[in-house]
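# Close look at the chain arrangement
Residues per chain are reported as follows:
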Amino acid sequence: MIKVYPSILAADPLRMGEEIERMIGAGADGLHVDIMDAHFVPNLSFSPALSAAVRKVFPDVYQDVHLMMDNPGDYLEAFVRAGADAVTVHAEIPGDIPALLRRIRSLDCHAGISLKPGTGTEAAAELLPLCDQVLIMTVEPGFGGQKFMPGMMSKIRTLRSAGFSGSILVDGGVNVQTAEECVSAGADTLIMGTALVRSADPSGVIAVCRQLGGRP
Ligand code: DX5
Ligand code: ZN
């Protein structure tokens with residue numbers, strides 16, 4: 001079963017509530033919430049206040065929080081308290097990543113590791129037993145609307161052939177065309193910003209993506 005999470009970074013910030021409602025109404029399986037610290041990536045985005053506001057109005061909506069931060073350890077509890085159901089940290093950050101993943105799980109939250117385009121799967125190898133999900137970046141993190149990097153598909157294949165049976169998410173430049181490559185490589189969750197949130201027919205986009213999972 002393929003899941004589709006709209007990335008609300010692509011939403012109009014002045015109409016965030018309406019945009020989220022539109023995505024949920026279109027059948028999204030959850031929301032992808034990008035957190036940027038202007039340090040790990042050259043951009044700023046949201047804070048736990050947004051997760052809390054979403055949780056208040058949409059209590060049943062699954063929040064997949066992607067921490068593009070150098071120091072996610074300082075904010076884990078805040079995001080989980082605010083409403084995160086999954087928290088993903090990056091493999092490239094300094095510090096004790098296994099301890100972070102264990103802490104996320106101890107908060108009853110799904111734990112994930114993300115790989116930037118230049119980071120190989122070997123960086124995640126020892127972390128996999130501590131992860132519910134791996135997020136493969138298919139663009140350089142920091143901005144929406146960039147071009148999908150097909151060369152990342154081999155990482156998904158490597159993870160699956162190594163026996164990783166958790167979720168594999170793809171993030172960056174995913175649209176109905178590139179989604180097909182992702183699913184055939186072994187991804188089960190598609191994060192879509194521009195191609196879904198800015199689409200005139202989001203339920204059509206989600207339906208096409210879901211069908212990809214039904215193919216042999
Ligand atoms: C990029 C973010 C993505 C981004 C995807 O750093 O992690 O989640 O919002 O946006 P699109 O789908 O437009 O590439
Ligand atoms: Zn993201």
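To be clear, the structure that these remarks concern was listed above.
Residues numbered from 1 in each chain as written. Chains lettered and ligands numbered in written order. Predicted model: local features only at pLDDT ≥ 70, side-chain atom pairs only at ≥ 80, totals over all residues. Heavy atoms only, no water.

### Digging into the site of ligand 1
Heads up, the rule is: Throughout, the term near means that a residue has one or more heavy atoms lying within 4 Å of the molecule or strand in question. Under this definition, polar contacts are N or O atom pairs within 3.5 Å; protein pairs additionally need one hydrogen-donor-capable and one acceptor-capable atom, and for neighbouring residues in sequence, both atoms have to be side-chain atoms. In this description, accessible areas are obtained by the Shrake-Rupley approach with a 1.4 Å probe, and a residue is regarded as covered only by the protein chains that are shown. A helix here means a DSSP run of H or I that spans at least four residues, while a strand means a run of E at least two residues long, and both kinds are numbered starting from the N terminus.
Near ligand 1 there are 19 residues, and of these Ser 7, Asp 34, Gly 142, Asp 171 and Thr 194 occur at the shortest range. The side chain of His 66 places a nitrogen or oxygen atom 3.4 Å from an oxygen atom of ligand 1. Gly 145 has a polar backbone atom sitting 2.8 Å from an oxygen atom of ligand 1. For ligand 1, the protein covers 99% of the area, taking 380 Å² as the surface of the free molecule. Counting residues per element, the ones that place at least two in the shell around ligand 1 are β2 (31-36) and β3 (63-68). At 3 residues, β2 tops the list of elements feeding residues into the shell around ligand 1.

### A look at the environment of Ala 91
What counts is decided by this rule: Throughout, a residue-residue contact means that at least one pair of heavy atoms, one from each residue, lies within 4.5 Å.
Tracing the chain through its elements places Ala 91 in the loop between β4 (86-90) and α4 (97-106). Sequence separation of Ala 91 and Ala 124 is 33 residues, and the distance between their C-alpha atoms is 6.8 Å. Look past the residues within four positions of Ala 91 in its chain and what remains in contact with it is Ile 97, Ile 113, Ser 114, Leu 115 and Ala 123.

### Describing the nonpolar core
Quick note on the threshold: Definition of nonpolar core: a set of buried residues of the types Ala, Val, Leu, Ile, Met, Phe, Trp, Tyr and Cys, connected through side-chain atoms within 4.5 Å. We call a residue buried when its accessible area falls under 20% of the maximum for its residue type, exposed when it is over 50%, and partly exposed in between, using a 1.4 Å probe and counting protein chains only.
Among the nonpolar cores identified, the biggest contains 69 residues, and Leu 67, Val 87, Leu 101, Ile 113, Ile 136, Val 170 and Leu 190 are the most heavily contacted of them. Excluding anything up to four places from it in sequence, Ile 136 contacts Leu 115, Met 152, Lys 155, Ile 156, Leu 159, Ile 168, Leu 169, Val 170 and Asp 171. Among the nonpolar cores identified, the runner-up in size contains 6 residues, and Tyr 5, Val 139, Leu 169 and Ile 191 belong to it.

### Focus: the pairing of β3
Selection criterion: By this definition, two strands are paired if DSSP reports at least two bridges between them. Crossovers are marked right-handed if the path from the first strand over the helix to the second runs clockwise, as seen with the strands pointing away from the viewer.
Judged by how many residues are buried, β3 sits mostly within the fold: 6 of 6 residues are covered. Burial of β3 is two-sided: the residues Gln 63, Val 65 and Leu 67 facing one way and the residues Asp 64, His 66 and Met 68 facing the other way are all buried. Bridge count for β2 against β3 is 6 bridges, and the pairing is parallel. From the neighbouring strand, Val 33 faces β3, where its bridge partner is Val 65. In the classification by handedness, the crossover that spans β2, the intervening helix α2 (residues 48-57) and the parallel β3 is right-handed. For the crossover from β3 across helix α3 (residues 76-82) to β4, the handedness is right-handed.

### Examining the packing of helix α7 (residues 176-185) against helix α9 (residues 202-212)
To keep it simple, the criterion reads: Lines are fitted to the C-alpha atoms to define the axes, a helix being fitted only along its stretch in contact, and any angle between axes, read from their N-to-C directions, falls within 0 to 180 degrees. Under this scheme an angle from 65 to 115 degrees is roughly perpendicular, one under 35 degrees roughly parallel, and one over 145 degrees roughly antiparallel; angles in between are oblique. In this scheme the handedness of a crossing depends on how the near helix is turned from the far one: anticlockwise by less than a right angle means left-handed, clockwise means right-handed. The residue classification treats Ala, Val, Leu, Ile, Met, Phe, Trp, Tyr, Cys and Pro as nonpolar and Asp, Glu, Lys and Arg as charged. All others, Gly included, are polar.
One can describe the packing of α7 onto α9 by two numbers: an axis separation of 9 Å at closest approach and a directional angle of 20°. Taken as axis vectors, α7 and α9 run roughly parallel relative to one another. Regarding α7 and α9, the two cross each other, and that crossing is right-handed. Contacts between α7 and α9 pair Val 176, Ala 179, Glu 180 and Val 183 from the former with Val 205, Val 208, Cys 209 and Leu 212 from the latter. Across the contact of α7 with α9, the residue classes break down as 7 nonpolar, no polar and 1 charged.

### Topic: the coordination of the zinc ion (ligand 2)
Selection rule: For Na, K and Ca the donor cut-off is 3.2 Å; for every other metal, N, O and S atoms count as donors within 2.8 Å. Water does not enter the count, which can leave sites looking incomplete. A site with four donors is called tetrahedral when every donor-metal-donor angle falls between 85 and 135 degrees; four donors are called square planar, and six octahedral, when opposite donors sit more than 155 degrees apart and all other angles fall between 65 and 115; any other arrangement is irregular.
Note on the zinc ion (ligand 2): its protein donors are His 32 (NE2), Asp 34 (OD), His 66 (ND1) and Asp 171 (OD). The metal-donor distances range over 2.0 to 2.3 Å. Taken together, the 6 donor atoms coordinating the zinc ion (ligand 2) span angles of 68 to 170° at the metal, a pattern that classifies the geometry as octahedral. Every donor residue of the zinc ion (ligand 2) comes from the same chain, spaced as H-x1-D-x31-H-x104-D. With Asp 34 in strand β2 and Asp 171 in strand β7 (residues 167-171), this pair connects stretches of sequence that are 137 residues apart. Each member of the pair, Asp 34 as well as Asp 171, carries the same accessibility label: buried.

### Description of unusual backbone geometry
The backbone of Ala 38 shows a phi angle near 65°, a positive value even though the residue is not glycine. Among the structural elements, Ala 38 can be located in the loop between β2 and α2. Residues other than glycine seldom take positive phi values, yet Asp 108 does so here, at roughly 65°. Within the fold, Asp 108 resides in the loop between α4 and β5 (110-115).

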